Amino acid sequence: MKLSEFYVMLRSAMTIGNIKYKVTGFVLAVICICAQPLSAQKKVSEADTGRMVWGHSDFGGYDRATMCNRTLDEVTRQYSRIYVKDTSFESIRGNTQYMPKIPSEAVETSKKCLGRLNLDQQGAEQLWAIARIYMLIGDLQKSIQFAEKAISTGVNPNEQRDLKIKALEMYLNHGAEYLGQVYYFANSIRNEQPRNDLAVFKIDYLMAYYYYVLYNPDSVLAYTNSAITLLKKMSLEDMDSIPAIEPFSFQISVASVEGDLVREDSIIEVARSIISNWRGGIGERLLANATSGLDIKRTLYNKKLKTIEGAIWENYDSVPRPLSGKPSLFVTVNHICTTVFCDSRMNAIKRIRRTFGDSLDLVLITHTVGYAHGTGPLVPQEEARVVGKFFKEFHNLPNTLIVDESPVHKIPDGRIMRDKSPLIQMLEDINGANAIVTDKMGRVQWAGALQNEFDMRAVTAVIDRALGNVK
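Residues numbered from 1 in each chain as written. Predicted model: local features only at pLDDT ≥ 70, side-chain atom pairs only at ≥ 80, totals over all residues. Heavy atoms only, no water.

A count of helical and extended segments in the chain gives 18 helices and ten strands. Carbon and sulfur atoms provide 53% of the accessible area of the chain, an area that totals close to 25800 Å². (Helix = DSSP H or I, 4+ residues; strand = E, 2+ residues; numbered from the N terminus. Areas by Shrake-Rupley, 256 points an atom, 1.4 Å probe, with all protein chains shown as cover.)

It is worth spelling out the nonpolar core at this point. Core analysis: the biggest nonpolar cluster contains 130 residues, and Ile275, Leu329, Ile352 and Leu450 have the highest contact counts within it. Here this core takes eleven residues from helix α9 (residues 197-214), the largest share from any one element. (Core = buried A, V, L, I, M, F, W, Y, C linked by side-chain atoms within 4.5 Å. Buried < 20%, exposed > 50% of the residue type's maximum accessible area, 1.4 Å probe, protein only.)

This part is about the state of the cysteines. Under the defined criterion, the tally for this structure stands at two disulfides. Here Cys68 engages in a disulfide with Cys113; their sulfurs sit 2.0 Å apart. Handedness of the Cys68-Cys113 disulfide follows from its S-S torsion of about -85°: it is left-handed. Of the two residues, Cys68 sits in helix α3 (residues 65-80) while Cys113 sits in helix α4 (residues 104-115), which places them 45 residues apart along the sequence. Neither residue differs from the other here; Cys68 and Cys113 are each classed as buried. Covalently, Cys337 is tied to Cys342 through a disulfide, its sulfur atoms 1.9 Å apart. In this structure the cystine formed by Cys337 and Cys342 twists about its S-S bond by roughly 90°; its chirality is therefore right-handed. Counting only the cysteines that take part in disulfides, in the order they occur along the chain, gives the pairing 1-2, 3-4. (Disulfide = S-S within 2.5 Å.)

To continue, consider the packing of helix α10 (residues 217-232) against helix α12 (residues 246-257). It is the contact of α10 with α12, at a shortest axis distance of 9 Å, that shows an interaxial angle of 145°. Considering the relative orientation of α10 and α12, their crossing is left-handed. Of α12, the residues touching α10 (which contributes Pro217, Val220, Leu221, Thr224, Asn225, Ala227, Ile228 and Leu231) are Pro247, Phe248, Phe250, Gln251 and Val254. Taken together, the residues of the contact of α10 with α12 sort by class into ten nonpolar, three polar and no charged. (Axes fitted to C-alpha atoms, helices over the stretch in contact; angles between N-to-C directions. Left-handed = near helix turned anticlockwise from the far one by under 90°. Contact = heavy atoms within 4.5 Å. Nonpolar A, V, L, I, M, F, W, Y, C, P; charged D, E, K, R; others polar.)

Take the sheet that holds strand β4 (residues 328-332) next. Pairing between the strands of a sheet comes from backbone hydrogen bonds, and it takes one of two forms, parallel or antiparallel. Overall, mixed pairing links the six strands, which are arranged β3-β6-β5-β4-β9-β10 in an open sheet. With one partner strand each, in any of the chains shown, β3 (312-314) and β10 (444-448) form the two edges of the open sheet. Recorded for the sheet is a direction-independent mean angle of 20° between the axes of neighbouring strands. Summarising the sheet, β4 and strand β9 (residues 435-438) pair through four bridges and their orientation is antiparallel. When the bridges of β9 are listed, Ser328 appears paired with Thr438. (Pairing = 2+ DSSP bridges.)

Right, let's talk about the confidence of the model for the chain for a bit. With 85% of its residues at a pLDDT of 70 or more, the chain shows a mean pLDDT of 88. The model gives residues 2-44 a pLDDT under 50, and that stretch makes 24 contacts with residues more than four places away or in other chains. (pLDDT = per-residue confidence, 0-100.)

This brings us to α10. The terminal C-alpha atoms of α10, which comprises 16 residues, lie 22 Å apart, in line with the 22 Å expected from a rise of 1.5 Å per residue. Regarding α10, the residues found buried are Pro217, Ser219, Val220, Tyr223, Thr224, Ala227, Ile228, Leu230 and Leu231. One side of α10 holds all its buried residues, which, seen down the axis, span an arc of 160°. In α10, the exposed positions angled more than 90 degrees off the buried face are occupied by Asp218 and Lys232. Where α10 is buried, its residues contact α8 (179-190), α9, α11 (236-240), α12 and α13 (261-275). (Expected span 1.5 Å × (residues − 1). Arc of directions from axis to C-beta.)

With that settled, the discussion passes to the packing of aromatic side chains. Overall, the coordinates contain 14 aromatic pairs when judged by the stated rule. Judged by centre distance (6.0 Å) and plane angle (15°), the rings of Tyr171 and Phe185 are stacked. With Tyr171 in helix α7 (residues 157-172) and Phe185 in helix α8, this pair connects stretches of sequence that are 14 residues apart. Comparing Tyr171 with Phe185 shows no difference in burial state: the two are buried. Here the aromatic residues Tyr205, Tyr209, Tyr212, Tyr215, Phe250 and Phe454 are joined through ring pairs into a cluster of three or more. (Phe/Tyr/Trp six-rings, centres within 6.5 Å; stacked < 30°, edge-to-face > 60°.)

Our next topic: the pattern of salt bridges. By the definition in use, this model includes 22 salt bridges. A salt bridge links Lys149 to Asp120; its shortest N-O distance comes to 3.6 Å. Residue Lys149 is found in helix α6 (residues 140-151), and its partner Asp120 is found in the loop between α4 and α5 (124-136); the two are separated by 29 residues along the sequence. Residue Lys149 is classed as partly exposed on the basis of its relative accessible area of 31%. Among the residues examined, Asp120 registers a relative accessible area of 64% and is labelled exposed. The closest approach of N and O atoms between Arg298 and Asp295, which form a salt bridge, is 2.8 Å. Of this pair, Arg298 and Asp295 both sit in helix α14 (residues 282-300), three residues apart, which is roughly one turn of that helix. The network of salt bridges with common partners includes Arg161, Lys164 and Glu192. (Salt bridge = Lys/Arg side-chain N within 4 Å of Asp/Glu carboxyl O.)

With an omega of -5°, the peptide bond between Gln193 and Pro194 qualifies as cis. Cis geometry marks the peptide bond from Arg321 to Pro322, where omega comes out at 5°. For Pro322, the position within the fold is in the loop between β3 and β4. The phi dihedral of Arg279 falls on the positive side, at around 50°, and the residue is not glycine. With respect to the secondary-structure elements, Arg279 resides in the loop between α13 and α14. The class of Arg279 is partly exposed, set by a relative accessible area of 36%. A positive phi angle is found at Asn396, which is not glycine, with a value near 55°.

Dropping the structure here:
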């Protein structure tokens, strides 16, 4: 085939639908990457001489359960990455906890892997890996069996108690499906005679955190009240060994979500009587910060938020914010951040938007940094246009966007420095908040953190209260 004929054929091959791809220069190779079923991805390479083995299928060299644990995770990713849909826009309603199911291929591979090991000769750390594998593939009886075997390796009752808490955390971290196993180990510790108050406190704290993330305030208060009762009779030395501030933090957060500043004040005073001297006075310093935050809330809560002026507005309907007639959520976003923390915040925002739809006015706030992804230097108006398009088209968030201009000054060597923009500074002054919820009359109902998906259910409860959905 002549080179000219090959070039014509290549141009023809690179016409897909009505889109033609321009080919210039000398072409060395053409690689087509297409969506294929997994079986097609496992085709044997032409370079294979018979020695290549598909990953996690030959367990001849495996001698530790942690290798099977890794196999479970890798095969799960392998068989789920193509099929698992994006859950970012799923409603929070009726979805108390999303936990992906283990593909049947990963279950079978894990069983084969464990079947090649002598499980009776595995060390203590390996026993935890076995317990986790059996938990995830659905054999809870064997999972408990190996967790208890791992616990029995503790050299004394105190160490065994700590290992029971480790087991409890393992099941708790994997979601509501395993709460039966969580209560099994929790009750085992609670029923010990004499009871170990430090261990029981740790259980109460872990359970309070779990239910706060799901935002079940009744359960949060039940576990934190139990923990605080234990704190009241502890020595300072014992108290210093545990996160004694946390039960009060959870209760303050619940009171703030409910807009009950009187109860919040009462909680701080109770805390001050118990943990002021915690960890060399750290307790008092944290409570002073909480008091300062409460003072700021008193000046804000149920007060009408001033109409936001200045800044640059994108995806804007020319109606001043906050709106009248519907609640609003104002939340900061970062158009240049690519970390998992920013992804988590965006996912939380998307799920809140899907949950409330048009009944909530969602307003995004960012600040100028002088550029956006894939651009050179931009003046504020140019940056605002690019950022507005980014959130509308890439994140599918066509909501009103406020782009607050960051003050700029030059240092002697000519470099440009940017200070915090006025809106961002105002939010940070409210005890480090990055989000505000207003009610239908534009009155502030809450100011606090919407940093990630852990925060979204508490924020959802605030919005429900602003909508009048609270029973």
